[in-house]
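Observations on the model geometry
Okay, here's what each chain looks like letter by letter:
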Amino acid sequence: MTRAVLLALLVVARPSTAQGTRELVVNPGGALPTVGMALAQARDGDRIVVRQGVYREPTIVVRHRVTISGDSGAVLDGEGTHAIMVVEANDVTIRGLTFRNTGMSQVEDRAALLVRAARGCRVERNTVRDGFFGIYLQRVTQCVVADNDLLGNAGRQTLGGNGIHVWQSDSVTVTGNVVRGHRDGIYFEFVTMGHVRDNTSASNQRYGLHFMFSDDCVYASNVFRENESGVAVMYTRRVRMEGNRFERNWGAAAYGLLLKDITDSEIRGNSFAENTVGLYLEGANRNLVTGNTFASNGWGLRILANSEANQVTDNTFTGNSFDVGTNSRQNFSTFSGNYWDRYRGYDLDRDGFGDVPHAPVRLFALVVEQTPPALILLRSPVVDLLDFAERVMPMLTPQTLLDARPRMRFPDRTQRGLTGSAESRVTRHESRRP
Amino acid sequence: MNTILKVVRYELRNVVRNRWVIAYALFFLVLTTLLLRLGGSTPRALLSLLNVVVLFIPLVTIVFGTIYWHGSREFTELLLAQPVRRDALFHGLFAGLVLPLSAAFMAGVTLPLLLYGGVARDSLPLLLLMLVAGVALTAVFGALATLIAGIVDDRLRALGVALGTWGLMTLAWDGFILWVTMTFADRPLEQPLLVLTFLNPVDLARVLLILRLDVSAMMGYTGAVFARFLGGWLGTAMAVAGLALWALIPGLFALRAFRRRDL
């Protein structure tokens, strides 16, 4: 009896199973030689399997709740003239396809795959080659973009489109993707509750990650490497960035992570290595910067005086040309418990923290801020001499920008306040490196 | 030519036996080993060597060189009593000064690297450039020492002048550049700075090396100007030529002084 009721419920809940899930097979020599023809016959709940082959057809529009999955070697070709696929239905899954060659456009945001005004889409394990825009989500909710591999054709910034572009959406998850050679690797605008995890965004023409007006998003365990201008994020509140790696973003206008008008956010356990500027704060207020490592950057941290009430705690600064740079003698943020390899103080009470505060802004950093050409004196003995004199008798450097509790030793991970999960993810990324 | 070689061989034996040269080589050996242990052979680790190259090589070379010329004075007088051409003797003595010091520096830096198992590939050009710069600075300051010893007879005064010259080039000149940049901050400074850099061998070597370390990316427009000029192979060749000029001109003056000298 109960079994019968359950069965009945099942049938009611999933009407498609009553009719049976159909599987439509697209095959270059078969009855359905194009994806478009399969979709013309498709009903909600159908499964479309695309066999190996190259499919050249007009822009494919998906208007039903279907799953399209490609065998390996299933290639959709845009022939350099048009967008390849547009999804306009809810709960669509696009899996294992290769999209290539959309060509460029100056008039439309032509994308290899565009999902428009839909709910619950999944875009998984696809490959995009020479896409103008790669995967473009427009007014979607609860979508997942996972494990895709995108390689763009952006030769120049002005001619490129973004890799994964999300606009005015909610609860989008972007995870495990690799994006290279686009204008911006991952781009969020007007997105709320987004999750960006375990992605690698490298060698893009502009930013590895770029978001604006996207509150309450989480960015964790991503790698942003060798992008022309690093990562820049703006006009957003309550962002969490955890366990990411910002690496080798070198250039006159490159930043590991640039925060402009970011408030009430957390920058925790990230690694900033070999960037021109590791972390840059402009008009950024009430943020917590903790447990990060700043190693071998030009400037480790650059904080402008229009940033207020930020807390910079328990970070490590090693081998940076300048640990901290600022544009003013005023400072409205707190520094505490960081490790500085330049610290020359002592610890008589042996609590692990230096007894004299550390002033991380070198006099030379101030000189360079006012007259950038002076930078050619970097590593000149004269500059070291000046810095020494200033340290003994501070006259010019901002006296409110002090770390009152500088660490004596380089802390291990747990002391830096890394959460367990973030830490394990960071190490996983490290082990993945060749 | 034969005379030069003979003098060089004699002086080499003499200088190599000199414990200061041995100590100089050991110093680089220990320093490089330590750096490798601490930081590996990454470009950043090599950066620490840069300070030594720029600060220490000029100091040691100019002081050692001045003492060397004064120390070999009696030998010089003895030889000049024989049928030996002055020029040949001068070249022999000069090579006997610069070669051992350069060799000590090169050996001290490269031996630990070889033992360590090679260099990271991306720091190889930088290492080569650093070796070239170190040798060039040795030649430059060897020539300056020769000039000083040839002009100033009194040993202590010569040493004082040598130290003064070193201070002028490593410290005072950079102080002057800093003053210039601060004073004329609101004018285009790139070309004047480039000229000022070429006017001082120490700065030339330093800027050449820091540009290879991508400091140019930190400098914005100035960096771009400098990198375009000194960052490429042509610029590097020009800078090395500049350093060679810096060795040649004092050397020629020293030779003139040596020829005219009443010994």
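Whatever comes next refers back to the structure up there.
Structural notes, computed from the coordinates. Note that the coordinates shown come from a computational prediction; the quantities given were computed from them, not determined experimentally. (Residues numbered from 1 in each chain as written. Chains lettered and ligands numbered in written order. Predicted model: local features only at pLDDT ≥ 70, side-chain atom pairs only at ≥ 80, totals over all residues.)

**Topic: the nonpolar core**
In this structure, L113, I135 and V231 of chain A together with V140 and A205 of chain B are the most contacted members of the largest nonpolar core, which totals 176 residues. With 15 residues, the single largest contributor to this core is helix 6 (residues 124–151) of chain B. Once you skip the residues sitting within four places of it in the chain, L113 of chain A turns out to touch I84, M85, I94, F99, V123, I135 and Y136 of chain A. (Core = buried A, V, L, I, M, F, W, Y, C linked by C-beta atoms within 7 Å. Buried ≥ 20, exposed ≤ 12 C-beta atoms within 10 Å, placed from the backbone. Helix = DSSP H or I, 4+ residues; strand = E, 2+ residues; numbered from the N terminus. Contact = placed C-beta atoms within 7 Å.)

**Remarks on the environment of G150 of chain B**
All names here are of chain B. Mapped onto the elements, G150 comes out in helix 6. When the C-alpha atoms of G150 and W69 are compared, they prove to be 8.0 Å apart, with 81 residues separating the residues in sequence. Residues in contact with G150, not counting those within four places in the same chain, are A254, A257, F258 and R261.

**Things to note about the interface of chain B and chain A**
A common way to state how big an interface is: give the accessible area lost once the parts meet. Contacts between the two partners involve 30 residues from chain B, matched on the other side by 22 residues from chain A. At the level of elements, helix 3 (43–71), helix 7 (155–183), helix 8 (190–198), helix 9 (201–212) and helix 10 (220–231) of chain B are the ones that each hand at least two residues to the side of chain B that touches chain A. Top contributing element to the side of chain B that touches chain A by residue count: helix 7 of chain B, with eight residues. Partitioned by chemical class, the residues of the side of chain B that touches chain A number 17 nonpolar, eight polar and five charged. (Nonpolar A, V, L, I, M, F, W, Y, C, P; charged D, E, K, R; others polar.)

**Focus: the pairing of strand 6 (residues 74–77) of chain A**
Residues and elements named next belong to chain A. Burial along strand 6 is one-sided: the residues A74 and L76 are buried and none of V75 and D77 is. One ladder, built from four bridges, connects strand 3 (residues 53–56) with strand 6; its direction is parallel. Residue pairing for strand 6: G53 is matched across the bridge by A74. Of the strand pairs in this sheet, strand 6 and strand 9 (residues 98–100) are connected by three bridges, and their pairing is parallel. Of the residues in strand 9, the one forming a bridge with L76 is F99. (Pairing = 2+ DSSP bridges.)

**Observations regarding the pairing of strand 16 (residues 164–170) of chain A**
All names here are of chain A. Note: strand 13 (residues 133–138) against strand 16, four bridges, orientation parallel. Paired with Y136 across the strands is H165, a residue of strand 16. Note that strand 16 and strand 19 (residues 186–192) share six bridges and pair parallel. Paired with W167 across the two strands is E189, which belongs to strand 19.

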